[in-house]
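The chain contents come next:
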Amino acid sequence: MNNGKIIFVGGIHAVGKGTICKELVQKFNFEHLSASQVLKWNEISDSKNKKVQNFTTTQNRLLNNLNRIIEPNKQYLLDGHFTLLNSNDEPEKIDESTFFGIQPESIIILTCEPKIIFERLKQRDNSIYKLSVLKKMQKMEVEHANYISKKLDIPLITVIDGDTSSIFEYLKNYENTN
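In this text, all values refer to a predicted model and were calculated from it rather than measured experimentally. (Residues numbered from 1 in each chain as written. Predicted model: local features only at pLDDT ≥ 70, side-chain atom pairs only at ≥ 80, totals over all residues. Heavy atoms only, no water.)

Trainee: Please explain the packing of aromatic side chains as it appears in this structure.
Mentor: For any two aromatic rings, the description comes down to two numbers: the centre-to-centre distance and the angle of the planes. In this structure the tally under the stated criterion is four aromatic pairs. Relative to Phe82, the ring of Phe8 lies with its centre 5.1 Å away and its plane at 70 degrees, an arrangement referred to as edge-to-face. Within this pair, whereas Phe8 is found in strand β1 (residues 5-10), its partner Phe82 is found in the loop between β4 (75-80) and β5 (83-86), the two being separated by 74 residues in sequence. Phe8 gets classed as buried once you look at its relative accessible area, which sits at 2%. Taken together, a centroid distance of 4.7 Å and an interplanar angle of 15 degrees make the contact between Phe82 and Phe99 stacked. (Phe/Tyr/Trp six-rings, centres within 6.5 Å; stacked < 30°, edge-to-face > 60°. Helix = DSSP H or I, 4+ residues; strand = E, 2+ residues; numbered from the N terminus. Buried < 20%, exposed > 50% of the residue type's maximum accessible area, 1.4 Å probe, protein only.)

Below, the structure is given as structure tokens:
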């Protein structure tokens, strides 16, 4: 990725990735990118449509666009997902090759009570999701984040219900070493 440094911030839709990234950008020397922004999701789907028709095509587009955006010697927070809803409304893991392509230096995974996520999605996107699907998706998201961090041998920081204290401590040390 052009020697830019990326921390991947993962979590299911409406868990608070964008909010936390904005907070981190104000306190640390990072640029914030969302996977949707990098994908130019609005060109390939309605912004409220969270279903992915073709995972391979979508992830290839993400990697290609990311390669064009990332600049050497800059630090990025890339918010995105480890699982997405496929066209059958079922959570599906994103292939590990995507994360090998992104080459994150570390992973931050956000979780939140599924009922809160349900309400946020209803308000933000005017969309109703089955609570059982959100629970399953979040469980898969955390499991896949753990798997990817082990596979890439990189740190994983978990944030539960917006408690960012672990991130701030990690990023203070990160900035001192980079």
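Trainee: Can you walk me through the pattern of salt bridges in this structure?
Mentor: Under the definition given, this model contains seven salt bridges. Taking the shortest distance from any N to any O, the salt bridge between Lys139 and Glu143 comes out at 2.7 Å. One end of the pair is Lys139 and the other is Glu143, both in helix α7 (residues 131-152) and four residues apart, which spans about a single turn. Judged by relative accessible area, which is 53%, Lys139 ranks as exposed. One network of salt bridges, in which partners are shared, links Glu31, Glu71 and Lys74. (Salt bridge = Lys/Arg side-chain N within 4 Å of Asp/Glu carboxyl O.)

Trainee: Looking at this structure, how should I read the packing of helix α6 (residues 114-125) against α7?
Mentor: Each pair of packed helices gets described by two things: the angle between the helix axes and the distance between those axes. It is the contact of α6 with α7, at a shortest axis distance of 9 Å, that shows an interaxial angle of 115 degrees. For the pair α6 and α7, the crossing hand works out as right-handed. Taking contact as the criterion, the partners of Pro114, Lys115, Ile117, Phe118 and Leu121 in α6 are, on α7, Leu131, Leu134, Lys135 and Gln138. A breakdown of the residues in the contact of α6 with α7 according to their chemical character gives six nonpolar, one polar and two charged. (Axes fitted to C-alpha atoms, helices over the stretch in contact; angles between N-to-C directions. Left-handed = near helix turned anticlockwise from the far one by under 90°. Contact = heavy atoms within 4.5 Å. Nonpolar A, V, L, I, M, F, W, Y, C, P; charged D, E, K, R; others polar.)

Trainee: I would appreciate a short explanation of the sheet that holds strand β2 (residues 31-34) in the present structure.
Mentor: Two orientations exist for strands paired in a sheet by backbone hydrogen bonds: parallel and antiparallel. Pairing is parallel across the open sheet formed by five strands, whose spatial order is β2-β4-β1-β7-β8. The sheet is open, and its two borders are formed by β2 and β8 (156-160), each paired with just one other strand. Taken over all neighbouring pairs, the strand axes of this sheet differ in orientation by 20 degrees on average, direction set aside. The sheet contact formed by β2 and β4 spans four bridges and is parallel. Residue His32 lies in a different strand from β4, and its bridge partner there is Leu77. Contacting β1, β4, β7 (106-111) and β8, helix α8 (residues 165-177) runs over the sheet at an angle of about 150 degrees to β8. (Pairing = 2+ DSSP bridges.)

Trainee: What is the right way to look at the environment of Val38 in this model?
Mentor: If you trace the backbone, Val38 turns up in helix α2 (residues 35-39). Taking the C-alpha atoms as reference points, Val38 and Pro91, 53 residues apart in sequence, are found 21 Å from one another. The contacts of Val38, once residues within four sequence positions are left out, are Leu33, Leu62, Asn65, Leu66, Ile69 and Leu78.

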